[in-house]
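So the chains spell out like this:
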Amino acid sequence: MTDFLTFADRRAREESGEPALRISHWQQGEREPERMFDSAPECRNIDPAVLLLPPALEGPVTAEASTPFVDFLRVRHAAGVVLGSVCAGAFLLAETGLLAGRRATTHWAAADIFRQRFPDVKLDTDLLLIDDSDILTAGGVMAWTDLCLRLIDRFLGSAVMLDTARSFLCDPPGREQRYYSSFSPRLDHGDMAVLKVQHWLQATGATDARLSRLAEVGGLEERTLLRRFLKATGLTSTDYCQRLRVANAQEMLRSSVLPIDRIAWDVGYADTSSFRKLFTRIVGLTPGEYRQRFRGRYPAQRREPNSAGRSARQALR
């Protein structure tokens, strides 16, 4: 982040001839966080306009470990300092209570833990960046580029922002985290009947999503299954099956050269148009856009459909 912002500062200096950004690093001192690095030490010792909380690769910060920073962040925010977080940095930001009732994002894989700890935050992990003016949150670890580009745009203008993005070969802000997320269903809920249905759906590719069949597999009445499935997984059985099918389609788009209508058929959709609309709603990209962005450099050879694909055709007949 320091190099990124320093580059933008140099670009801005070419226009004005004066430093545009002052970049500092802060660490916990004896009483509160203290400035440990300063790109412009000759300037007055004033608080920064923005404080960014970095990701933590070892996992989300605990409530106890957050304690030394909470009051520091609250006081600065009350004085007008903009706060931002990247990935798991949102956990420290949420510990301040400043996200209560507000939208925020973090890494999609940490979504369940975040919701358990901070149920009053309106978490939206589909987005890589949420800019609420005084508070910004970015999703995955590398979403720091989106956050920094947004701040560069705010303080130095769009021309410097676009120049920085081009120079570092990264997309300008506007991507969505759901492009990169994978379907990770909850399996630790403890409802064995629902878990049995989930395992069956995974094994069959969710090609047969009839409620009567799911109830039969789970050994439950249909209405009971609907209620327990939603409680256990957080999704309706229909939404769950759709997301599982789309996840299978994503894997095929990344690893094969099969045409999209064939992939739609193999994952259980006879109507390619409906499949495209569903895929776009869940992923945020069309199947063609997804393939172009994520397909491996050396895609696999065309292969015969697997047993799930054969089951799909049989069910569709």
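Above this note sits the structure.
Model, not experiment: these values are computed from the prediction.

### Focus: the overall build of the protein
Scanning the protein from terminus to terminus reveals 14 helices and eight strands. Taking all 317 residues of the protein together, 44% fall into the buried category. If you take every contact in the protein between residues at least 6 apart in sequence, the share linking residues at least 24 apart comes to 59%. Roughly 17,200 Å² of accessible area belongs to the protein as shown, and the carbon and sulfur atoms make up 50% of that amount.

### Some thoughts on the environment of Thr 238
Within the secondary structure, Thr 238 is located in helix α10 (residues 237-255). For Thr 238, a relative accessible area of 52% translates into the label exposed. Sequence-wise, Thr 238 and Leu 211 are 27 residues apart; in three dimensions their C-alpha atoms are separated by 8.6 Å.

### Things to note about the sheet that holds strand β7 (residues 129-131)
Strand-to-strand pairing in sheets goes through backbone hydrogen bonds, with the strands running parallel or antiparallel. In spatial order, the strands read β3-β4-β8-β7; together these four strands make up an open sheet with mixed pairing. Looking at which strands have only one partner, the edges of the open sheet turn out to be β3 (50-53) and β7. Averaged over all pairs of adjacent strands, the angle between strand axes in this sheet comes to 10°, irrespective of strand direction. Note that β3 and strand β4 (residues 82-86) share four bridges and pair parallel. The residue of β4 that forms the bridge with Val 50 is Val 82. In the packing of helix α2 (residues 63-78) onto the sheet, contacts are made with β3, β4 and β8 (135-138), and the angle to β3 comes to roughly 150°.

### Remarks on the layout of surface pockets
Of the pockets and cavities examined, the largest pocket occupies roughly 1,100 Å³. Every residue lining the largest pocket is counted, 37 residues in all, and those nearest its centre are Ser 24, Trp 26, Leu 51, Leu 52 and Leu 53. If you list the elements that add at least two residues to the lining of the largest pocket, you get α1 (2-16), β1 (24-28), β2 (33-38), β3, α2, α3 (89-95) and α5 (144-156). By residue class, the composition of the lining of the largest pocket is 26 nonpolar, seven polar and four charged.

### Looking at the nonpolar core
Counting residues in hydrophobic clusters, the biggest one holds 26 residues, and the most contacted among them are Phe 4, Leu 5, Leu 147, Leu 149, Ile 152, Leu 156 and Val 160. Those elements that provide at least two residues to this core are α1, β4, β8, α5 and α6 (158-167). It is α5 that provides the largest number of residues to this core, a total of seven residues. With 21 residues, the next largest nonpolar core counts Leu 99, Ala 104, Phe 118 and Val 121 among its residues.

### Looking at the pairing of β4
The buried fraction of β4 amounts to five of the five residues, a majority that puts the element mostly inside the structure. Of the two faces of β4, the one holding Val 82, Gly 84 and Val 86 and the one holding Leu 83 and Ser 85 are both buried throughout. In this fold, β3 hands off to α2, which returns the chain to β4; that crossover is right-handed. Note: β4 against β8, four bridges, orientation parallel. Bridge assignment links Val 86 to a residue of β8, and that residue is Ala 138.

### Examining the packing of helix α7 (residues 192-204) against helix α9 (residues 222-233)
In contact at an axis separation of 9 Å, α7 and α9 are set at 85° when each is read in the N-to-C sense. In terms of orientation, α7 and α9 fall into the roughly perpendicular class. In contact with Ala 193, Val 194, Val 197 and Gln 198 of α7, α9 contributes Leu 225, Arg 228, Phe 229, Ala 232 and Thr 233. Residue composition of the contact of α7 with α9, grouped by class: six nonpolar, two polar and one charged.

### So, helix α8 (residues 211-218)
The periodicity of an α-helix, 3.6 residues per turn, causes residues three or four places apart in sequence to face the same way. Listing the buried residues of α8 in full gives Leu 214, Ala 215, Val 217 and Gly 218. Viewed along the axis of α8, the buried residues span an arc of 160°, placing them on a single side of the element. Turning to α8, the residues buried within the fold contact α7, α9 and α10. Phi turns positive, to about 70°, at Gly 219, one or two residues after α8.

Rules used in this analysis
- Residues numbered from 1 in each chain as written.
- Predicted model: local features only at pLDDT ≥ 70, side-chain atom pairs only at ≥ 80, totals over all residues.
- Heavy atoms only, no water.
- Helix = DSSP H or I, 4+ residues; strand = E, 2+ residues; numbered from the N terminus.
- Buried < 20%, exposed > 50% of the residue type's maximum accessible area, 1.4 Å probe, protein only.
- Contact = heavy atoms within 4.5 Å.
- Areas by Shrake-Rupley, 256 points an atom, 1.4 Å probe, with all protein chains shown as cover.
- Pairing = 2+ DSSP bridges.
- Axes fitted to C-alpha atoms, helices over the stretch in contact; angles between N-to-C directions.
- 1 Å grid on protein atoms, 1.4 Å probe; cavity = no way out; pocket = protein on both sides within 12 Å on 5 of 7 lines; lining within 4 Å.
- Points joined across faces, edges and corners; volume = space filled by probe spheres on them.
- Nonpolar A, V, L, I, M, F, W, Y, C, P; charged D, E, K, R; others polar.
- Core = buried A, V, L, I, M, F, W, Y, C linked by side-chain atoms within 4.5 Å.
- Right-handed = clockwise from strand over helix to strand, strands pointing away.
- Parallel < 35°, antiparallel > 145°, perpendicular 65-115°, else oblique.
- Arc of directions from axis to C-beta.

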